[in-house]
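The primary structure of each chain is shown beneath.
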Amino acid sequence: MSHPPILKVSNLTKHFSIPHGLLGRGEHTVRAVDDVSFALEHGQTLALVGESGCGKTTLVRMLLRLLDPTSGNVEVEGKDINTMSKSELRHFRTNVQAVFQDPWASLSPRMRVFDIVAETLVVNDNLSKGELTRRVDEALIAVGLRPEQANYYPHEFSGGQRQRIAIASAIIARPKLIILDEPVSALDVSIRSQIMNLFKDLQQDVGCSYVVVAHDLGTTRFMADRIAVMYLGKLVEIGPTDQMFDDPRHPYTQALLSAALPLRVDNPHEAIVLRGDVPSPVNPPSGCPFHPRCQSVIGDICKTTEPKLRELESPEHRMSCHLGSEL
């Protein structure tokens, strides 16, 4: 009997209403996330990429149940997280953890490292003091810290060490899914590789799955099994990492990768420069949301008809574009 994916997102949508006009009596609707669907298998990593404002953070907040969706649903191991009972929700809080961009903001300066790391177990499990200490020691050792450092405060550590503390706090409950929101972007380049290798090693050791939000496509390529590209709240392309880097199909994916990867000396014009800025989610373009900036518009269909996410050569690789596989 096959197991359900660790994470399944179906037609997930989040719209916000914001006031406008004289005295704020009118309302605009911001379509932050619009009809997004994907699945993540056990032990795999999915990266969410796209420009700022594309909806990645809103999507992640719904995955963590920090925001309720306008429509659609999120399932973890086959259970809808927004209809869970109290006991199911307690299990969800143990099995789904997060590591954020700024470790300093997520660590209380008034708490010792022991209490920070142990907090998830204290809230969700009834463990003896000895068992709790053993689990904290194990978590700190797993992230490259010493057990005696549990008595220190966050300000006594470097930025990289604080991120390790945040990771220890996330893994101590042995979660099945960890959300990594820009986990290395605030760190010095010299220690980014250490933290990324740490994530990879932990995945091999405990079999957890990751959803990674990242701007750095080098991080994405190193960590992810699959990549999902978002634009203006929508999923425009998703596929295996190697395939996405070697043969990106959507014009927006092509532009993202060409801007982020080193140019070849023999082809100095390889970068694709997008015209204009990202449109406002308050007033998105008709048709394909990317058509005002696209170099490959094919007439009125791009301006009037929104493309559907569809399979390319395999079910694993899908794209939302009228041009299809000839790209």
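Values in this document were obtained by computation on a predicted structure and should not be read as measured data. (Residues numbered from 1 in each chain as written. Predicted model: local features only at pLDDT ≥ 70, side-chain atom pairs only at ≥ 80, totals over all residues. Heavy atoms only, no water.)

### Quick word on the pattern of salt bridges
Cut-off, in case you're wondering: Here, a salt bridge means any Lys or Arg side-chain nitrogen found within 4 Å of an Asp or Glu carboxyl oxygen. Summary of the burial criterion: residues with accessible area below 20% of their type's maximum are buried, those above 50% are exposed, and those between are partly exposed, where the area comes from a 1.4 Å probe applied to protein chains only. Strands are runs of DSSP state E lasting at least 2 residues, helices are runs of H or I lasting at least 4, and numbering of each runs from the N terminus.
Enumeration over the complete set of coordinates arrives at 14 salt bridges. Note that glutamate 88 and lysine 79 form a salt bridge whose closest N and O atoms lie 3.6 Å from each other. Looking at glutamate 88, the relative accessible area reads 28%, which means it is partly exposed. Looking at lysine 79, the relative accessible area reads 42%, which means it is partly exposed. Here glutamate 313 makes a salt bridge to arginine 249, at a shortest N to O gap of 2.7 Å. One end of the pair, glutamate 313, is in the loop between strand 11 (310-311) and strand 12 (318-319); the other, arginine 249, is in the loop between helix 9 (241-246) and helix 10 (251-260), and 64 residues separate them in sequence. Several salt bridges share partner residues, and in doing so they unite Arg31, Asp34, Lys234 and Glu306 into one network.

### Observations concerning the nonpolar core
Cut-off, in case you're wondering: What is meant by a nonpolar core is a set of buried Ala, Val, Leu, Ile, Met, Phe, Trp, Tyr and Cys residues, joined one to another through side-chain atoms within 4.5 Å. Residue contacts follow a heavy-atom distance rule, with two residues in contact if any of their heavy atoms lie within 4.5 Å.
By size, the foremost hydrophobic cluster in this structure holds 39 residues, and its most contacted members are Val117, Val136, Leu140, Ile165, Ile167, Leu180 and Tyr210. The contacts of valine 117, once residues within four sequence positions are left out, are Val136, Ala139, Leu140, Ile165, Ala168, Ser169 and Ile172. Val60, Val76, Ile179 and Val211 belong to the second-largest nonpolar core, a separate cluster that totals 31 residues.

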